[in-house]
Amino acid sequence: DSGVTQTPKHLITATGQRVTLRCSPRSGDLSVYWYQQSLDQGLQFLIQYYNGEERAKGNILERFSAQQFPDLHSELNLSSLELGDSALYFCASSGLGGNTGELFFGEGSRLTVL
Amino acid sequence: LAKTTQPISMDSYEGQEVNITCSHNNIATNDYITWYQQFPSQGPRFIIQGYKTKVTNEVASLFIPADRKSSTLSLPRVSLSDTAVYYCLVGAPGTASKLTFGTGTRLQVTL
C-alpha cells in the first residue's frame with residue numbers, strides 16, 4: 001500500500017460526458033502528479049501540483065483540468081470525453097525527497113469511454 | 001533530460017538472478033537514476049535509486065559504473081511474482097515532473 005488513494009477505481013461513461021477523478025496523497029506529501037496510461041503505452045505525465053499551486057504541466061489536453069485543494073487532495077477533471085480518453089489515470093505523490101524522482105503511485109482509476 | 005534505453009523484454013526462470021541494464025549516455029552531473037516496477041493494472045512502485053557505485057536494499061541492487069552512462073538493476077533469485085514491467089528513469093532534483101517512463105522492460109519469470 002503506497003498510501004495514495006484514488007477514487008473511483010473504475011468508471012464507465014459515454015462520449016461527450018465529464019468525469020472527475022480524485023486523489024488523496026500520502027500523509028504529509030505536498031506534491032501531486034497525474035499520469036495517463038493508455039493500452040500498451042507508457043506513462044504520460046499530465047500535470048503536477050505542489051501545495052495547491054500548479055508546478056508543472058505536461059501533455060495535458062485543454063479538455064482536462066486539475067486542482068489541488070487546501071487539504072492537499074487533488075482532482076482531475078476530464079470533459080467532452082472521447083473514445084481515446086479511455087485509459088488508466090494514475091495519481092502519484094511525493095514529499096520533499098520526491099524531487100529526485102521517488103514517486104508513490106495510487107492504484108489508478110480506469111476510465112472507459114463508450 | 002537524459003534519454004534512457006532498456007531492453008523491451010526479458011525472460012527468466014524462477015530462482016535465477018536477473019540483470020536489467022539501462023543506457024543513459026547523456027546523463028547530467030546532478031541526475032539520479034531511479035527504477036520502478038509496475039504490475040498490470042497497478043501503479044508503478046519505487047524499487048531503488050542511486051547516484052553512483054552500488055546501492056542495495058531489501059529487494060534489489062543497483063550498479064552504476066564510474067562514467068554513469070549506464071546502470072544495472074539486479075534482482076536476486078526472482079520468483080513468479082517478479083513478473084512485471086521495470087522502468088529506468090534519469091532526472092535531477094526538481095525535475096520529477098519531467099521524468100519519462102517510456103515503455104520499460106517487460107520481465108517474464110517462469111518455472
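Residues numbered from 1 in each chain as written. Chains lettered and ligands numbered in written order. Predicted model: local features only at pLDDT ≥ 70, side-chain atom pairs only at ≥ 80, totals over all residues. Heavy atoms only, no water.

1. A few points about the sheet that holds strand β6 (residues 61-64) of chain B
Residue and element names in this part refer to chain B.
Part 1 of the reasoning: Taken together, the four strands give an open sheet; going across it, the order is β2-β7-β6-β5, and neighbouring strands pair in antiparallel fashion. Two strands in the sheet have a free side with no partner beyond their single neighbour: β2 (18-23) and β5 (53-56). Looking at each pair of strands side by side, their axes are set apart by 15 degrees on average, direction ignored.
Part 2 of the reasoning: Here six bridges tie β2 to strand β7 (residues 70-75), and the two strands are oriented antiparallel to one another. Considered in β7, the bridge of Cys 22 is made with Ser 71. (Pairing = 2+ DSSP bridges. Helix = DSSP H or I, 4+ residues; strand = E, 2+ residues; numbered from the N terminus. Axes fitted to C-alpha atoms, helices over the stretch in contact; angles between N-to-C directions.)

2. Regarding the side chain of A:Ser74
All names here are of chain A.
Part 1 of the reasoning: Topologically, Ser 74 is positioned in strand β8 (residues 74-78).
Part 2 of the reasoning: Looking at Ser 74, the relative accessible area reads 0%, which means it is buried.
Part 3 of the reasoning: Beyond its immediate sequence surroundings of up to four residues, Ser 74 is in contact with Leu 21, Arg 22, Cys 23, Val 32, Trp 34, Gln 67 and Gln 68. (Buried < 20%, exposed > 50% of the residue type's maximum accessible area, 1.4 Å probe, protein only. Contact = heavy atoms within 4.5 Å.)

3. Focus on the pairing of strand β3 (residues 32-38) of chain B
Residue and element names in this part refer to chain B.
Part 1 of the reasoning: Burial runs high along β3: six of the seven residues are buried.
Part 2 of the reasoning: Pairing analysis gives seven bridges linking β3 to strand β8 (residues 84-91), with the strands arranged antiparallel. Within β8, the position partnered with Tyr 36 by the bridge is Tyr 87.
Part 3 of the reasoning: Sheet topology places β3 next to strand β4 (residues 45-50); five bridges connect them, and they run antiparallel. Residue pairing for β4: Trp 35 is matched across the bridge by Ile 48.
Part 4 of the reasoning: Linking two consecutive strands that pair antiparallel, namely β3 and β4, is a turn of six residues; a positive phi of about 60 degrees is found at Ser 41 within it.

4. Observations concerning the side chain of B:Gln38
Part 1 of the reasoning: With respect to the secondary-structure elements, B:Gln38 resides in strand β3.
Part 2 of the reasoning: Relative accessible area serves as the criterion here: at 6%, B:Gln38 is assigned to the buried category.
Part 3 of the reasoning: Only 2.9 Å separates the side chain of B:Gln38 from the side chain of A:Gln37, close enough to count as a polar contact.
Part 4 of the reasoning: If near-sequence neighbours (up to four positions away) are discounted, B:Gln38 is found in contact with A:Gln37, A:Leu43, A:Phe90, B:Gly43, B:Pro44, B:Ala84, B:Val85 and B:Tyr87. (Polar contact = N/O pair within 3.5 Å; in protein donor to acceptor, adjacent residues only side chain to side chain.)

5. Some points on the state of the cysteines
Part 1 of the reasoning: Summed over all chains, the structure comprises two disulfides over all chains.
Part 2 of the reasoning: A sulfur-sulfur separation of 1.8 Å characterises the disulfide bridge that pairs A:Cys23 with A:Cys91. Across the S-S bond of A:Cys23 and A:Cys91 the torsion is about -55 degrees, and the bridge reads as left-handed. One end of the pair, A:Cys23, is in strand β3 (residues 19-24); the other, A:Cys91, is in strand β9 (residues 87-94), with 68 residues separating them in the sequence.
Part 3 of the reasoning: Residue B:Cys22 pairs covalently with B:Cys88 via a disulfide, S to S 2.2 Å. Torsion about the S-S bond of the B:Cys22 and B:Cys88 cystine: about -80 degrees, corresponding to left-handed handedness. Placement of the pair is B:Cys22 in strand β2 and B:Cys88 in strand β8, with a sequence separation of 66 residues. (Disulfide = S-S within 2.5 Å.)

These figures capture arrangement, not role.
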